[in-house]
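Structural overview
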Amino acid sequence: MNETASVVVVGAGPAGICAAKALVAAGLRPVVIDEGLRAGGQIYRRPLVDDGRSATDLYGSEAAKATRLHREFDALLPSIDYRPQTLVWNIADNQLHLTANGVHQRIGFQNLILTTGATDRVLPFPGWTLPGVYTLGAAQTALKAQGCTIGKRVVFLGSGPLLYLVAWQYVKAGGDVAAVLDTAPFAAKLNLLSAIRFDPRLVLTGMSYAARLVRRGVKLHYNVRPTGVDGSQHVEGLNFKSGAKTHSIACDAVAYGFALRAETQLADLAGCPFRFDDRDRTWLPATDDAGRTSCKGIYLAGDGSGIAGADAAEISGELAALAVIQDSGMAADPRRMSVLAGARRRKAKLRDILEKAFPFPQNWFDQIPGATTLCRCEEITVSSVIDTVHGNDLRELNRLKALSRAGMGRCQGRMCSAAMAEILASTQKLKLPEIGRLRAQAPIKPLPLSLHEAGS
Amino acid sequence: MTRRFSADVAIIGGGLVGSSAALALRLAGLSVILMDKGFCGAQASGVNYGGVRRQGRPMGQLPLSQRAHQIWPQLNALIGIDGEYQRSGHLKLARTPEDFAKLEHYAETVKSFGLDLELYTGAMAKARFPWLSGNIAGASLCPDDGQANPRLVSPAFAKAARDAGAIVLEHTAVHAAVHTNDGFALQAGADCEITCRFLINSAGAWANKIAAGFDEPAPLSRIYPSMVVTEPLAPRLPVSLGEEGGGFYCRQVTRGNYIMGGGRGYALADPDFSRPSTTAALSVMKRATTLFPHLAGAHVIRFWSGTEGQLPDNNPVIGPSGTTPGLFHAFGFCGAGFQVAPAVGAILCDLVTSGETATPIDAFSIERFRNMSSQHNEKKGTHNEMVE
Amino acid sequence: MATHHSRPQFQRHFRRDDAHIPFTIDGTAYSGRRGDTVLVAIMSVTGQLRRSEFTSEPRAGFCLIGACQDCFVTLACGTRVRACTTPLEAHMAFTTRESGNE
Ligand SMILES: Cc1cc2nc3c(=O)[nH]c(=O)nc-3n(C[C@H](O)[C@H](O)[C@H](O)COP(=O)(O)OP(=O)(O)OC[C@H]3O[C@@H](n4cnc5c(N)ncnc54)[C@H](O)[C@@H]3O)c2cc1C
Ligand code: FES
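Residues numbered from 1 in each chain as written. Chains lettered and ligands numbered in written order. Predicted model: local features only at pLDDT ≥ 70, side-chain atom pairs only at ≥ 80, totals over all residues. Heavy atoms only, no water.

Quick word on the side chain of Asn149(B)
Our working rule: Put simply, DSSP marks the helices as runs of H or I at least four residues long and the strands as runs of E at least two long, and each gets a number from the N terminus on. N or O atoms within 3.5 Å of each other form a polar contact, as long as, within protein, one can give a hydrogen and the other can take it, and as long as residues adjacent in sequence are counted only when both atoms are side-chain atoms. Should any heavy atoms of two residues lie within 4.5 Å, those residues are considered in contact.
Looking at the secondary structure, you find Asn149(B) in the loop between β7 (146–147) and α7 (150–163). Separated by 3.0 Å, the side chain of Asn149(B) and the backbone nitrogen of Arg151(B) make a polar contact. In contact with Asn149(B), not counting residues within four places along its chain, are Arg405(A), Gly83(B), Glu84(B), Arg251(B) and Phe338(B).

Right, here's the structure in full:
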């Protein structure tokens, strides 16, 4: 009953689409599986129905790329086995376990390219669980895919290139942006100047968002730490410090985040070895330049192998496909591979600089009251996690999860593991790589209990 | 640089058996070193289902189980937390009339132990437990059996032992243990040398290597019970429940999650880690929707499994070595050691301090395997034992 | 019990005039638009999706891309769906009373 595919691509974002395209060009017919309703991934997400907006309305400066990728994917459809709305929730014994529509299926694979993308990296602050507080990605998805803003008057908070972009998209769509609060000092932005030589277009468009926001009268603050959210049932305002000064702003929504974190659960279940990445402050599956892991037949591309952005995802997707082709004994153009590898390295350098311009707020927890919820699923507070660390002299993340319950809920630690790691390391004065990483467990997302095997 | 330790008792394995022995021995005034190759209480003792049940155990285990039954309500005093222990009752279900006959027979056989089993026919069971559905021929309730949270209880015993003065060495695997003139000499971790008068082998699924080192191998195999947990749901299931034959067991914790198990997972390349099998998990989920229609819309959020030692006669090894004075074994609990473990710790303390124990344990002697050929070593338990 | 009469959180900027899709929350009738996810449909008429399990805090989803699992809602038939990744269908009946509680 179980089928075996020669190549399976998980994810139909930029990385997955470019991988599929290169595989088809080599005469292969990949299975392409994506959890989403429509291909495009997060950045080039398409609305469920046409709502009259043009590609430029939806994707701004990236409109041409979005249109091209969508068109390329649509053209691939006859040559691939595309399975949308299908979740891969486990990998075991060279088989993928999938569900679609409440039905369970397995697919064996000879080669697997994981392009599972990323989700927002978030940190807790007082009030972050209240209705009206959303991730930056959520704010953008609401607008892009659904044509809604997350509130009437929105504050944007955090660090990362997305912060200014999404704020600007809100202004353009007619939303009221109350302020943009950057957790990094203004001086950090000067690093962008050295990024210009790697990608002038990206850097200049990026910098222009801040300028345009200011021109529209949006207040920008730097060096910000939020101190609390007003409101008991929903957001009514945000209080924050900028340097030594305290401020409050009336608003009914907050969008925030600190760049992205890679979705690596499937690589973990597949048994890929991980390495610690200083820039992303987390463990990532180890790959070579082309995306090969040390597990035979398993390849990684896109943000799921380390945050590098959509353009880099296109490059690494094609590279991984060429690696599959090469490793299967077919002809893959070695010049193309080395050009792509070079381009990928340049994107990585760019990312290093962006990280300096939009740094992670290292001392975040200095100001976070103990009563703040850390794990939103299990509702475990910061202080109860710290007490568990002290009470048991803990030094390892899985152990902290077991004894505190943080990270044990529905999201499998996606929303709290970055914070847990920072807290454990700083409480015990250890370095992040010394405290280990949360092991992935199947199913990587909740499954209906009533799931049944195909055919039964 | 070598670290040297010496104590009255060294314990290999910081699961619930080893940790509770460490605590009992400390309270009896002996010096104790407790070693684990990983974290204490992170293997079977910390990841099991959490059933605290006497019902269904073979007669020979009931005195031991009764002794444990007295200890569980005292957790707060012993280890500073209640470990979410509650006497919720344990309900054993029979799918077929044959299985129900077995439950009736069992109730008759163990009458003298005072488990106060209540038998229900299928219709009576559904009237008494209205949340129950599906094909049920009958059921047997043990009102004072219950459940607890292994993830909290087992590490807490190790912590209590340490707080009571035991030396606890985690990530310190014992690689050599020899008998000397005045006791034992061990090598452990990267740099530890330990001397002791008494040695306890409570190394769980890994215990046979130690036993074999003292010329008494046991036919110990491994099982990897497969577990599933749901999202938190409204409280509905008041008892811990298991099916005759062991194919399905389930409880709902106070926070609302249903924990359910049945079937077997498998070991990873590193046999210290195991994975639940999807086939087992799906069959457990299917059984759950049949028995509890109110769960039809619920989601499961995680599977897991753990590594447990299995012996061919479904009974553990507990007691003195047959070859080496001063050595005691306690391992091979066949998927049902959580409830009895605190009593096993107490018994090990009896044996070390006085050479005897009031609890009958002859049936668990390692000597019963003396004449068994080694081929048993390879054989996996074939029947679906009752794991809860 | 959700205070679903509280003010709408999300503001529609597009598809305002698209076809109306009727649904109910605890029996009260509302309408979404063609192309809505369940989350957008509910958050465009109310201020929350559900209450948290352990502290009864109001919750309204968080990531909108199926990662945080904060947005599960219950249909009257007992089925639970992840609101941000489930398209709204006509006549969906949501209940804010936990299934299995009665
Ligand atoms: C919310 C959000 C907003 C962003 N906005 C911007 C932006 O405006 N500008 C910008 O430059 N960058 C943005 N980024 C970053 C950008 O999306 C990424 O750099 C880029 O899309 C990476 O491409 P990818 O193919 O690796 O990942 P993705 O585009 O995320 O594609 C991965 C795909 O895999 C699927 N998938 C994952 N796991 C499974 C599974 N187990 N089973 C089935 N399918 C699965 C997912 O559904 C997804 O479609 C954003 C990221 C996020 C998360
Ligand atoms: S809002 Fe995060 S999963 Fe739906």
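Some words on the pattern of salt bridges
For clarity, the threshold we go by: Salt bridge, as used here, is a side-chain nitrogen of Lys or Arg placed within 4 Å of a carboxyl oxygen of Asp or Glu. Buried, partly exposed and exposed residues are distinguished by accessible area as a fraction of the type maximum, computed with a 1.4 Å probe on protein chains only: under 20%, between the cut-offs, and over 50%, respectively.
One pass over the full model with this rule turns up 61 salt bridges over all chains. One salt bridge connects Glu53(C) with Arg50(C), and the closest N-O pair in it is separated by 3.3 Å. You can call Glu53(C) partly exposed: its relative accessible area is 24%. Bridged by salt links that share partners, the residues Arg376(A), Glu379(A), Arg410(A), Glu231(B), Arg50(C), Glu53(C), Glu57(C), Arg59(C), Asp70(C) and Arg80(C) form one connected network.

Considering the side chain of Gln9(C)
Looking at where Gln9(C) falls in the secondary structure, it is placed in the segment before β1 (11–12). Exposure remark for Gln9(C): the relative accessible area of 0% places this residue in the buried category. For Gln9(C), the side chain forms a polar contact with the main-chain oxygen of Asp252(A), separated by 2.8 Å. Once residues within four sequence positions are removed from consideration, Gln9(C) is found in contact with Pro131(A), Gly132(A), Tyr134(A), Ile150(A), Gly151(A), Lys152(A), His234(A), Asp252(A), Ala253(A), Met43(C) and Thr46(C).

Overview of the pairing of strand β3 (residues 28–33) of chain C
Residues and elements named next belong to chain C. In plain terms, the rule: When DSSP locates at least two bridges between a pair of strands, those strands are taken to pair.
Looking at chain direction, strand β2 (residues 20–25) and β3 are connected through 6 bridges and run antiparallel. Its bridge partner being in β3, isoleucine 25 is matched across the sheet by threonine 28. Hairpin connection from β2 to β3: 2 residues lie between these consecutive antiparallel strands, with aspartate 26 at a positive phi of about 50°.

Remarks on the pairing of strand β21 (residues 317–320) of chain B
Residue and element names in this part refer to chain B. Bridging between β21 and strand β22 (residues 327–331) involves 4 bridges; their strand directions are antiparallel. Among the inter-strand pairings, isoleucine 318 is bridged to a residue of β22, identified as alanine 330. Where β21 folds back onto β22 in an antiparallel hairpin, the turn is made up of 6 residues, including glycine 326, whose phi is positive at roughly 95°.

A look at the domain arrangement of chain A
Residues and elements named next belong to chain A. For clarity, the cut-off: Each domain's extent is set by a domain assignment, obtained either automatically or from a database. Using a 1.4 Å probe, buried area is obtained as the accessible area two parts lose upon being combined, added over both of them.
The assigned domain composition of chain A is domain 1 (3–119 + 261–332), domain 2 (122–258) and domain 3 (369–435). Contacts between the two partners involve 7 residues from domain 2, matched on the other side by 7 residues from domain 3. A combined buried area of about 700 Å² lies between domain 2 and domain 3, and 71% of that area is made up of carbon and sulfur atoms. On inspection of domain 2 and its partner domain 3, the count reaches 0 salt bridges. Where domain 2 packs against domain 3, one counts 2 residue pairs in polar contact (both at pLDDT 80 or more).

Some points on the confidence of the model for chain C
Spelled out, the test is: pLDDT expresses, on a scale from 0 to 100, how confident the predictor is about each individual residue.
This prediction gives chain C a mean pLDDT of 91; 90% of its residues lie at or above 70. For this predicted complex, the interface score ipTM comes out at 0.95, alongside a pTM of 0.93.

Some points on unusual backbone geometry
For the bond running from Ala442(A) to Pro443(A), omega is -10°, close enough to zero to count as cis. Along the chain, Pro443(A) falls in the loop between α13 (417–427) and β23 (447–448). A positive phi angle, near 55°, is found at Lys429(A), a position not held by glycine. Structurally, Lys429(A) is set in the loop between α13 and β23. On the accessibility criterion, Lys429(A) (75% relative accessible area) is exposed. Positive phi outside glycine occurs at His171(B), with the angle close to 50°. Turning to its location among the elements, His171(B) is positioned in the loop between β8 (167–169) and β9 (174–180).

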